[in-house]
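Architecture and fold: a report
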Amino acid sequence: TSGNNQNESRDNFVVVANRLPVDRYTDADGQPAWRTSPGGLVTALTPVMERLGGAWIGWGGADSEDIAPFVHNGTHIVPVALSAEEIESYYEGFSNDTLWPLYHDVIAPPTYHREWWDSYVKVNRRFAEAAAETAANGATVWVHDYQLQLVPGMLRELRPDLTIGFFNHIPFPAYGLYSQLPWRTQIVEGLLGADVIGFQRVADASNFTRSVRRLVGYETKGTSVYVPLESDSAPGQTGGYRRGGPTRHVLAKHFPISIDSASFEELARTPEVQARAAEIRADLGGSGKILFGVDRLDYTKGIRHRLKAYGELLADGRINPEDVTLIQVASPSRERVETYRQLRDEIELTVGRINGDYGQIGHAAVHYLHHGYPREEMVALYLAADVMLVTALRDGMNLVAKEYVATRFDLDGVLVLSEFAGASDDLTQALLINPHDIEGLKASIMTAINMPKPERAKRMRSMRKKVRENDVERWSTAFLTELERSAAARLEEAQG
Ligand code: G6P
């Protein structure tokens with residue numbers, strides 16, 4: 001698979017991600033068809049795809065077995081099939097019941113199963129082989145997220161001619177936690193197959209380089225890692241290589257991801273969306289304050305902490321359900337993983353209790369919606385919301401916070417934002433909170449509800465400037481520029 005014949009039909013830019021950029025649906029004639037997923041990553045990479053000629057390798061979702069590659073809006077779509085057993089062991093198991101909780105600071109206990117690891121290796125190899133077959137000679141391959149951390153290393157072995165980038169969308173944990181992982185060394189070595197490894201925050205990148213020093217003993221300096229090209233002694237033995245020998249440079253640096261800000265503002269300015277926002281407000285009685293939360297139903301998002309704070313404010317009599325309503329959208333996610341099932345039960349029990357205790361006819365205290373919504377509806381909800389609650393216990397970035405800010409061209413609304421979300425690095429004019437501190441969270445919710453209009457506008461204006469400047473285009477450009485730089489440096493070195 002490493003030959004470079006048929007080069008013409010191969011792609012110069014290849015994205016590898018667990019999910020494809022298209023969703024399957026049934027069209028008007030009852031036929032299965034594909035449409036572009038609403039995600040920001042797709043928007044960010046489309047221009048690059050169009051410029052360079054691109055392919056996207058990914059899994060098409062649970063009921064999409066054995067689909068041949070096809071072209072969608074000019075992008076070469078290469079589906080990778082997963083068997084039912086692999087969905088359980090690679091996706092639900094190792095990705096979402098081992099790595100996900102471990103990388104989010106063990107908010108839920110990670111499960112370590114050797115069978116799941118074996119499946120992770122096998123599926124990562126399948127993605128790497130698909131990339132090796134798809135990429136043209138000297139192409140750039142950009143691998144995404146925790147599900148595919150072994151792909152850079154495997155791909156470098158198959159295709160040393162490629163330039164390989166990796167971006168980790170979720171946090172990278174401190175060494176004290178990361179070191180729990182029985183396969184910690186293999187994963188570090190897998191990632192080091194890349195030329196550039198991107199992280200959300202400075203701390204994620206430095207957690208990674210510390211793990212490199214501790215586990216494989218390679219030299220690191222700031223964002224640089226020097227991977228020895230030849231080793232003199234047994235692999236896995238710390239420092240078991242000749243210092244001062246030839247090395248390959250790997251950049252491990254933060255590149256905070258963002259959103260397509262202009263498209264949110266554009267949507268918010270449409271009469272349809274504004275009418276819908278007014279309708280939502282009217283449906284809730286018109287005059288009161290609306291608190292709003294929207295998350296994938298995930299234990300990292302701090303939905304329980306948010307409900308606890310809101311319930312206590314009602315119990316203390318500091319707010320009244322006629323004046324203050326909470327809308328919580330929780331979109332279904334990873335529903336076959338036990339921790340997610342338990343979380344759903346707990347949240348629904350809590351919502352039921354709050355409504356039972358404090359609701360009145362015509363005034364539910366919490367409007368809980370277990371659905372996903374199209375972007376138009378989300379933007380209408382953002383416009384309707386007086387206070388946006390982002391209370392994540394740990395979150396790589398949290399794009400909801402940025403979407404809310406991008407939407408509020410009216411310079412109104414207050415963002416309550418967890419300092420444990422990457423977004424808090426940039427959005428310092430939000431009301432920053434520690435979601436574990438329930439008293440502090442309650443106080444910030446009250447501050448948000450009572451904040452005078454000029455202060456709301458001042459904070460929103462400053463946050464909007466950040467979100468407008470640092471949009472997702474800037475993110476992908478910054479990453480790809482580093483990748484190009486590293487490709488040029490390698491070429492120069494090879495030419496002597
Ligand atoms: C997070 C991860 C993504 C993942 C998404 C949805 O944002 O970083 O890699 O695709 O959640 O989760 P799912 O398991 O449905 O793909």
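Residues numbered from 1 in each chain as written. Predicted model: local features only at pLDDT ≥ 70, side-chain atom pairs only at ≥ 80, totals over all residues.

Some details on the pairing of strand 12 (residues 247-254)
Just so we agree on the cut-off: At least two DSSP bridges between two strands are required for those strands to pair. Comment: elements are numbered from the N terminus, with helices defined as DSSP H or I runs of at least four residues and strands as E runs of at least two.
Here four bridges tie strand 9 (residues 196-199) to strand 12, and the two strands are oriented parallel to one another. Note on strand 12: the bridge partner recorded for Ile197 is Ala252. Sheet topology note: the strand 11 (residues 224-228)/strand 12 ladder contains five bridges and is antiparallel. Residue pairing in the sheet places Val225 in a bridge with Val250 of strand 12.

What to know about the sheet that holds strand 14 (residues 324-331)
Test applied: A fitted line through C-alpha atoms represents every axis, and for helices the fit uses only the stretch in contact; the resulting angles, taken between N-to-C directions, go from 0 to 180 degrees. Contact criterion: two residues are in contact if their C-beta atoms, reconstructed from the backbone, are within 7 Å.
Strand order in the open sheet formed by six strands is 15-14-13-16-17-18, with parallel pairing between adjacent strands. Both edges of this open sheet fall to strand 15 (366-369) and strand 18 (431-433), since each of them pairs with a single strand only. Each neighbouring strand pair of the sheet contributes to a mean axis angle of 20°, computed without reference to strand direction. Sheet topology note: the strand 13 (residues 289-296)/strand 16 (residues 387-390) ladder contains two bridges and is parallel. Looking at strand 16, one finds that Phe292 is bridged to Met388. Where helix 13 (residues 399-407) meets the sheet, its contacts fall on strand 13, strand 16 and strand 17 (414-418), and the angle it forms with strand 17 comes to roughly 165°.

So, unusual backbone geometry
Just so we agree on the cut-off: Here the C-beta atoms are placed from the backbone, and a residue counts as buried if at least 20 other C-beta atoms lie within 10 Å of its own, exposed if 12 or fewer do, and partly exposed otherwise.
In this structure, Arg334 is a non-glycine residue whose phi angle is positive, near 45°. Tracing the sequence through the fold places Arg334 in the loop between strand 14 and helix 11 (338-358). The partly exposed category is assigned to Arg334, around which 18 C-beta atoms lie within 10 Å. A positive phi angle, near 80°, is found at Asn398, a position not held by glycine.

A closer look at the pairing of strand 3 (residues 32-36)
Pairing of strand 2 (residues 22-26) with strand 3 involves five bridges; the strand directions are antiparallel. Its bridge partner lying in strand 3, Tyr25 is registered against Ala33. In this antiparallel pair of consecutive strands, strand 2 and strand 3, the connection spans five residues, and Gly30 shows a positive phi of 80°.

Comments concerning helix 7 (residues 202-215)
What counts here: Multiplying 1.5 Å by the helix residue count minus one yields the expected span of that helix.
A rise of 1.5 Å per residue sets the reference length of helix 7, with its 14 residues, at 20 Å; its end C-alpha atoms lie 20 Å apart and thus fit the reference within 8%. Restricting attention to buried positions, one finds in helix 7 the residues Asp204, Ala205, Asn207, Phe208, Thr209, Ser211 and Val212. The elements touched by buried residues of helix 7 are helix 5 (175-178), helix 6 (184-191), strand 9, strand 10 (219-221), strand 11 and strand 12.

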